[in-house]
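Fold and geometry: a report
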Amino acid sequence: MGTMEVLLPVLGGFGLFIYGMKIMSAGLKEAAGEQMRKVLQRATSNRFFAATFGVILTIILNSSTASTIMVVSFVNSGLIDLVQAIAIKLGANVGTTFSGQLIAFRIDQYAPFFIFVGALMYMFIKQPKLKKLGRIILGFGLLFFGIATLSSPLRELAREPQFEAFLINFTSPVLALLAGFVFTAIVQSSTAATGILIAAHLSGVPIAFETSAFIILGVNIGTSITTLLASIPANRESKRAALFHIIFDIVGSIVFGTLIFIIPGILGWFEATWTEPARQVAMFHTLYNVATMLLFLPFIRQVACALERIVPNKELPLEEGMAN
């Protein structure tokens, strides 16, 4: 099978995936409207509610990057404080695993139905609420149709002896982590990166589970790049929230990666519990983020204090301070 015969459908499927994600996210944000601020104020009354809000917000936006950027903007506008932002971020990491679970359940086979229903509702129904719902359903269908489109060429590619030999030899955890980081930093979406990895497993591409696990750890780090860029023009509290995102993802990946080396039975447990490779990857992604959320959640006030020391408030000039 020629390179272009594989590459073009994969690129086309990836484009549909990203476009569907954008349409669905835009529809959901439009449907949420001004209720977001009211919900935000209620949902962030304590750290547990804030984390739950982070999970739900990321599922709605279908992107932890988008939800984290929103959190940075919420902090910048004074809607929430640093402790609440940290809790939302912890929940966002869990929420971003939802799409991977849906892909692993092979929901892409129903994508044409969602596209058909969504298009009809969006194009022909005049009632605003149903029209918005149609846009959401259309985006959902396009997202998973993109996965289905790129799965077929990947399935063909998996049968090529040279490609299989390359993947079998691609066993370096460091290279796998770096690959996940670079790809996610380029496409600016951990959902897309994880979705393609799971789709590759569904297509029969022979990627070792250990390699996939380290790619997932790299993906978690890569998603912090956009947040860093978004925090540059923001205030110092927002910079602290962005810094937590970066530190949390890097430290979490290093700690969990080290545990995999020390206790190989961790990956063995996933392989013994779930037989399908795609399900193993999806569950690793979910349980890793749940574990790190539960680990950090009791200590977010201490983490916030540490961040305030790392990024201190600017001292006022002497003259200005005396005038005040």
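Source: prediction; values computed, not measured.

We now examine the overall build of the chain. Along the chain, the regular secondary structure elements total 18 helices and 0 strands. Every one of the 324 residues in the chain was classed for burial, and the buried ones make up 49%. Intrachain contacts of the chain at a sequence separation of at least 6 include 81% that bridge at least 24 residues. About 15,700 Å² of surface is accessible on the chain, with carbon and sulfur atoms providing 69% of the total.

It is worth spelling out the packing of helix α12 (residues 209-222) against helix α14 (residues 236-262) at this point. Put simply, α12 and α14 touch, their axes get as near as 8 Å, and they point 165° apart. As far as their axial angle goes, α14 and α12 are roughly antiparallel. Classified by chirality, the crossing of α14 by α12 is left-handed. For the pair formed by α12 and α14, the contact residues are Glu210, Ala213, Phe214, Leu217, Asn220 and Ile221 on the first element and Asp249, Ile250, Ser253, Phe256, Gly257, Ile260 and Phe261 on the second. Across the contact of α12 with α14, the residue classes tally to 8 nonpolar, 3 polar and 2 charged.

Attention shifts here to the environment of Gly257. Here Gly257 lies in helix α14. Residue Gly257 is classed as buried on the basis of its relative accessible area of 7%. C-alpha of Gly257 to C-alpha of Leu177: the two residues are 80 residues apart in sequence and 9.3 Å apart in space. If sequence neighbours within four positions are ignored, Gly257 has contacts with Phe214 and Leu217.

Our focus in this paragraph is helix α7 (residues 111-124). Here α7 spans 20 Å end to end across 14 residues, near enough to the 20 Å set by a 1.5 Å rise per residue. Along α7, the residues classified as buried are Ala111, Gly118 and Met121. Buried residues along α7 cover an arc of 105° about the axis, so they all sit on one side. α7 presents Phe113, Phe116, Met123 and Phe124 as exposed residues on the side facing more than 90 degrees away from its buried surface.

With the rule as written, the count across this model stands at 15 aromatic pairs. A ring pair is formed by Phe209 and Phe284, whose centres lie 6.2 Å apart and whose planes are at 85°; its orientation type is edge-to-face. Taken as a pair, Phe209 in helix α12 and Phe284 in helix α16 (residues 277-296) lie far apart in primary sequence, 75 residues in all. By the ring-pair criterion, three or more aromatic residues cluster together here, those being Phe209, Phe256, Trp269, Phe270, Trp274, Phe284 and Tyr288. Directly above the aromatic system of Tyr122 lies the positively charged group of Lys131, at a separation of 5.0 Å from the ring centroid.

Predicted confidence across the chain gives a mean pLDDT of 79, with 78% of residues reaching 70 or more. Per-element confidence in the chain ranges from a low mean pLDDT of 44 for helix α18 (residues 318-323) to a high of 93 for helix α15 (residues 265-273). Here residues 316-324 is a poorly scored stretch, pLDDT under 50, and it has 2 contacts once near neighbours within four places are set aside; other chains count.

The biggest cluster of nonpolar side chains holds 43 residues, and the ones touching the most others in it are Ile103, Phe144, Ile198, Ile260 and Phe284. In this structure, Leu57, Leu90, Phe244 and Leu297 belong to the second largest nonpolar core, which totals 28 residues.

In this section: the packing of helix α3 (residues 47-61) against helix α5 (residues 82-95). The interhelical angle for the contact between α3 and α5, taken along N-to-C directions, is 45°, at an axis separation of 6 Å. As summarised for this structure, α3 and α5 are arranged oblique, according to the angle between their axes. Read as a crossing pair, α3 and α5 show a hand that is right-handed. Across from Arg47, Ala50, Ala51, Phe53, Gly54, Val55, Thr58 and Ile59 in α3, the residues of α5 making contact are Gln84, Ala87, Ile88, Gly91, Ala92, Val94 and Gly95.

The next thing to look at is a nonpolar patch on the surface. Together, Ile247, Val251, Val255, Leu259, Phe261, Ile262, Ile263 and Ile310 give the surface a local cluster of nonpolar side chains, amounting to about 700 Å² of exposed area. A total of 6 residues in the nonpolar patch trace back to one element, the largest contributor, which is α14. Within the element layout of this structure, Val255 appears in helix α14.

Below, the discussion takes up the side chain of Gln280. With respect to the element layout, Gln280 can be found in helix α16. Gln280 gets classed as buried once you look at its relative accessible area, which sits at 7%. Within the structure, Gln280 has its side chain in polar contact with the backbone oxygen of Trp274 (distance 2.7 Å). Not counting chain neighbours up to four residues away, the residues in contact with Gln280 comprise Phe209, Phe270, Glu271, Trp274 and Thr275.

With respect to the element layout, Ile247 can be found in helix α14. Judged by relative accessible area, Ile247 falls into the partly exposed class, the value being 34%. Sequence separation between Ile247 and Ile221 is 26 residues; the distance between their C-alpha atoms is 9.0 Å. With residues near it in sequence (within four places) discarded, Ile247 still touches Gly252 and Leu307.

The rules behind the values
Residues numbered from 1 in each chain as written. Predicted model: local features only at pLDDT ≥ 70, side-chain atom pairs only at ≥ 80, totals over all residues. Heavy atoms only, no water. Helix = DSSP H or I, 4+ residues; strand = E, 2+ residues; numbered from the N terminus. Buried < 20%, exposed > 50% of the residue type's maximum accessible area, 1.4 Å probe, protein only. Contact = heavy atoms within 4.5 Å. Areas by Shrake-Rupley, 256 points an atom, 1.4 Å probe, with all protein chains shown as cover. Axes fitted to C-alpha atoms, helices over the stretch in contact; angles between N-to-C directions. Parallel < 35°, antiparallel > 145°, perpendicular 65-115°, else oblique. Left-handed = near helix turned anticlockwise from the far one by under 90°. Nonpolar A, V, L, I, M, F, W, Y, C, P; charged D, E, K, R; others polar. Expected span 1.5 Å × (residues − 1). Arc of directions from axis to C-beta. Phe/Tyr/Trp six-rings, centres within 6.5 Å; stacked < 30°, edge-to-face > 60°. Lys NZ or Arg CZ within 6 Å of the ring centre and 35° of its normal. pLDDT = per-residue confidence, 0-100. Core = buried A, V, L, I, M, F, W, Y, C linked by side-chain atoms within 4.5 Å. Patch = residues over 30% accessible without salt bridge, like charges linked within 9 Å, V, L, I, M, F, W, Y side chains within 5 Å. Salt bridge = Lys/Arg side-chain N within 4 Å of Asp/Glu carboxyl O. Polar contact = N/O pair within 3.5 Å; in protein donor to acceptor, adjacent residues only side chain to side chain.

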